[in-house]
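# Breakdown of the fold
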Amino acid sequence: MLGSGAILNETIKAQKILEEDYAVAADVWSVTSYKELYQDSVECERWNLLNPSEPQRTPYVAELLASRVGPFVAASDYVRNVPEQIRQWVPGRFVVLGTDGYGRSDAREALRHHFEVDRRFIVLATLRALADEGVVPRSLLAEAISTLGIDVNKPNPLNS
């Protein structure tokens, strides 16, 4: 799991829930700058293009995640396009949670719930990705939705 900004703490809390309640182990990576990871990756690609006779460089993010087995879930208090910048260098299924939608003014907890980037949605997104890969049974998703108290009829933050 990749956490950034204020959502890093939610990602760490999601990691605990996954381990304690669902027997799912997950690493948490703190992403301090998706922009820097993107720029490094693009620079590597450019260097590789212009230096075909030299040993090819690997972007930092690709190097870090190369030995990891995914899915990879990125949770951010930025719009989804920010973590999406590194998608092509993530070596597996990449699920992104972000704060797409209308601007709001409220307490942090309420905003995280509204934009579906709190620990509960991080857990659900991780379980969904694992179910899609056949690692956990799909029936676990309905159980998690109930246990986590997620309202499936909640309005989509993109539209509300």
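Preceding block: the structure.
Residues numbered from 1 in each chain as written. Predicted model: local features only at pLDDT ≥ 70, side-chain atom pairs only at ≥ 80, totals over all residues. Heavy atoms only, no water.

From N to C terminus, the protein includes seven helices and four strands. If you list the helices and strands of the protein from N to C, you get β-α-β-α-α-β-α-β-α-α-α. A separation threshold of at least 6 residues defines the contact pool for the protein, and within that pool the share at least 24 residues apart is 57%. Within the structure as shown, the protein displays about 9200 Å² of accessible surface, and the carbon and sulfur contribution to it stands at 48%. (Helix = DSSP H or I, 4+ residues; strand = E, 2+ residues; numbered from the N terminus. Contact = heavy atoms within 4.5 Å. Areas by Shrake-Rupley, 256 points an atom, 1.4 Å probe, with all protein chains shown as cover.)

This part takes up the sheet that holds strand E2 (residues 29–31). Pairing is parallel in the open sheet, where four strands are placed in the order E2-E1-E3-E4. The strands lining the two open edges of the sheet, one partner per strand, are E2 and strand E4 (94–97). Pairs of neighbouring strands in the sheet enclose a mean axial angle of 20°, with direction left out of account. For strand E3 (residues 72–75) and E4, the ladder comprises four bridges, and the chain directions are parallel. Residue pairing for E4: Val-73 is matched across the bridge by Val-95. Contacts from helix H6 (residues 119–132) reach E3 and E4 within the one sheet, and its direction differs from that of E4 by about 160°. (Pairing = 2+ DSSP bridges. Axes fitted to C-alpha atoms, helices over the stretch in contact; angles between N-to-C directions.)

Once that is clear, we can look at the packing of H6 against helix H7 (residues 139–148). Close contact between H6 and H7 brings their axes to 10 Å; oriented N to C, the two are set at 175°. The angle between the axes of H6 and H7 places the two elements in the roughly antiparallel class. Contacts between H6 and H7 involve Arg-120, Val-123, Leu-124, Leu-127, Arg-128 and Ala-131 on the former and, on the latter, Leu-140, Leu-141, Ala-144, Ile-145 and Leu-148. Split into classes, the residues belonging to the contact of H6 with H7 amount to nine nonpolar, no polar and two charged. (Parallel < 35°, antiparallel > 145°, perpendicular 65-115°, else oblique. Nonpolar A, V, L, I, M, F, W, Y, C, P; charged D, E, K, R; others polar.)

Looking now at the packing of helix H1 (residues 7–22) against H6. H6 packs onto H1 with a crossing angle of 55° between their chain directions and a minimal axis gap of 8 Å. As summarised for this structure, H1 and H6 are arranged oblique, according to the angle between their axes. Two packed elements cross with a definite hand, and for H1 against H6 that hand is right-handed. Taken together, the residues of H6 that come into contact with H1 (itself represented by Ile-7, Glu-10, Thr-11, Lys-13, Ala-14, Ile-17, Leu-18 and Tyr-22) are Arg-119, Ile-122, Val-123, Thr-126 and Leu-127. (Left-handed = near helix turned anticlockwise from the far one by under 90°.)

Counting residues in hydrophobic clusters, the biggest one holds 29 residues, and the most contacted among them are Met-1, Tyr-22, Val-24, Ile-122, Val-123, Leu-127 and Leu-148. Contributing elements (two or more residues each) for this core: H1, E3, E4, H6 and H7. Beyond its immediate chain neighbours, meaning those up to four positions away, Ile-122 contacts Met-1, Ile-7, Glu-10, Thr-11, Ala-14, Ala-75, Leu-97 and Val-117. If you look at the next biggest cluster of nonpolar residues, it comprises 14 residues, including Leu-2, Val-31, Leu-37 and Phe-94. (Core = buried A, V, L, I, M, F, W, Y, C linked by side-chain atoms within 4.5 Å. Buried < 20%, exposed > 50% of the residue type's maximum accessible area, 1.4 Å probe, protein only.)

Look at Ala-23: it is not a glycine, yet its phi comes out positive at around 55°. Assessed through its relative accessible area of 71%, Ala-23 is described here as exposed. Its identity is not glycine, yet Glu-116 carries a phi of approximately 60°, on the positive side. When you line up the elements, Glu-116 lands in the loop between helix H5 (108–114) and H6.

Time to look at the pattern of salt bridges. Within this structure, the stated rule accounts for nine salt bridges. Linking Arg-128 and Asp-132 is a salt bridge whose minimum nitrogen-to-oxygen distance equals 3.0 Å. Linking Arg-128 with Asp-132, this pair stays in helix H6, spanning four residues, or about one helical turn. For Arg-128, a relative accessible area of 43% translates into the label partly exposed. The partner of Arg-138 in a salt bridge is Asp-132, and the shortest N-O contact between them spans 2.7 Å. For Arg-138, a relative accessible area of 46% corresponds to the partly exposed category. With a relative accessible area of 29%, Asp-132 lands in the partly exposed category. Through salt bridges with shared partners, a single network forms among Arg-93, Arg-128, Asp-132 and Arg-138. (Salt bridge = Lys/Arg side-chain N within 4 Å of Asp/Glu carboxyl O.)

By themselves these figures say nothing about function.
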